[in-house]
Amino acid sequence: MLDESLLDAPEALARADRRGLLRGAAEAGARVRTAARHAAEAGIAELTPEGRPRVVLIAGPGTAANGVADLVAALAGPTAPVTRLDPTGVAPAAGALRWALPGWAGSVDLLLIVTTDGTEPGLALLAEQAYRRGCTVVAVAPQRSPLSEAVDGVHGLVVPMATAPYELYEETQAAASPGALWALFTPLLALLDRVGLLTAPPDALQSVADRLDATAERCGPAIATYSNPAKTLAAELADTLPLIWTEGTAAPVGRRFAAVLAELAGLPALSAQLPEALPAHGVLLAGDFAAGADPDDFFRDRVDEPQALRARVLLLHDRADGGLTSAPAARELALSHDTAISELVPEEGSELETLAELLAVTDFAAGYLALATGGHA
């Protein structure tokens, strides 16, 4: 159950936030600026690529690497295929994970390694394998980590991961944290801009940082729930089964939000892209998760019995600019089944800026849900 009183108690939130989830979300803009500086210092701006890579391969553990690969694929579009190399192993421990290059990978391909840990022997072996095959290797990893030392100057280029100004918080290493995402993602934006796969010059990264700062001001712990979009979203999604329906480039944000809700807040959620989300999730709106599924719900003892999980739709999409949109059909389907709807529509801006705003609001919302439902314990 959601402790709504905690949402409007900033000091209590700070005490409960032992993993620094809200602080990490608030400092995302600063993390982007630091990561951009690290990328410049590593020499990315001086690179002179001979052409676009045939394929971009991305390897790394956990939610952060998943999110980075998904975002890169969405932004690169048709300019080059983006493939995430999934790890194998007997356990999700750094020493147990292994990665392998596809048999066709070679000198015209680019391997990106991203990790908040840097102690994974499997990633060092992958970098060595890629070097032997002639692949270009770029890694973003903690400074002075075993992976950085294995790759730097021998097998490829290393960009030190941007860390938060506070090192005692476990959040700095949490793969699902907003800080981890931006620390790993930002240098890759600078790199892929340089090789021509997407557009992310230094001024665009500065605009992303500014948008993250502005969103943090609206979503911070000191802002009351009634005027705070992240707290409002957290209160709406609590004790529900969120059905996250996305459109356009918001798709990776929806998938990341579903993953973070599960990992940080213990809340199951499903994400799908419109318009295919409507037939894929439509039966959930008419089945056991429907708002009126239990006719005896009104008479249920709400103290002795847990509340039944009901579906709630969250629409994540950009502002329609005369183009095709499935948002009206999504609203109609949800309302026809008496299902509540939440919507997040970013302010106008570039594709990177709108993605940054959606990521920031959903990261804050996941943090509030984790803290106010006991998911931080």
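Quick caveat, the model's predicted, so the values are computed rather than measured. (Residues numbered from 1 in each chain as written. Predicted model: local features only at pLDDT ≥ 70, side-chain atom pairs only at ≥ 80, totals over all residues. Heavy atoms only, no water.)

A few words now on the confidence of the model for the protein chain. When pLDDT drops low, the exact placement of atoms in the prediction is not to be read closely. Counting all residues, the mean pLDDT for the protein chain is 89, and 91% of those residues have values of 70 or more. Ranking the elements of the protein chain by mean pLDDT puts helix H1 (residues 4-7) last, at 87, and strand S1 (residues 56-59) first, at 98. A low-confidence stretch, residues 167-173 (pLDDT under 50), is modelled with 22 contacts involving residues beyond four sequence positions or located in other chains. (pLDDT = per-residue confidence, 0-100. Helix = DSSP H or I, 4+ residues; strand = E, 2+ residues; numbered from the N terminus. Contact = heavy atoms within 4.5 Å.)

Residues spaced three or four apart along an α-helix face the same direction, because each turn holds 3.6 residues. Every buried residue of helix H10 (residues 229-237) is accounted for by Ala 230, Lys 231, Leu 233, Ala 234 and Leu 237. Along the long axis of H10, the arc covered by the buried residues comes to 160°, so they all point the same way. The backbone nitrogen of Ala 230 lies 3.0 Å from a side-chain oxygen of the residue at the head of H10, namely Asn 228. Where H10 terminates, the next one or two residues include Asp 239, which has phi positive at roughly 60°. (Buried < 20%, exposed > 50% of the residue type's maximum accessible area, 1.4 Å probe, protein only. Arc of directions from axis to C-beta. Polar contact = N/O pair within 3.5 Å; in protein donor to acceptor, adjacent residues only side chain to side chain.)

Take the pattern of salt bridges next. Applying the stated criterion across every chain, the model contains 14 salt bridges. A salt bridge links Lys 231 to Asp 8; its shortest N-O distance comes to 3.7 Å. Here Asp 8 lies in the loop between H1 and helix H2 (10-16) and Lys 231 lies in helix H10, a separation of 223 residues in the sequence. Given the relative accessible area of 0%, Lys 231 is considered buried. By relative accessible area, Asp 8 is classed as partly exposed at 42%. (Salt bridge = Lys/Arg side-chain N within 4 Å of Asp/Glu carboxyl O.)

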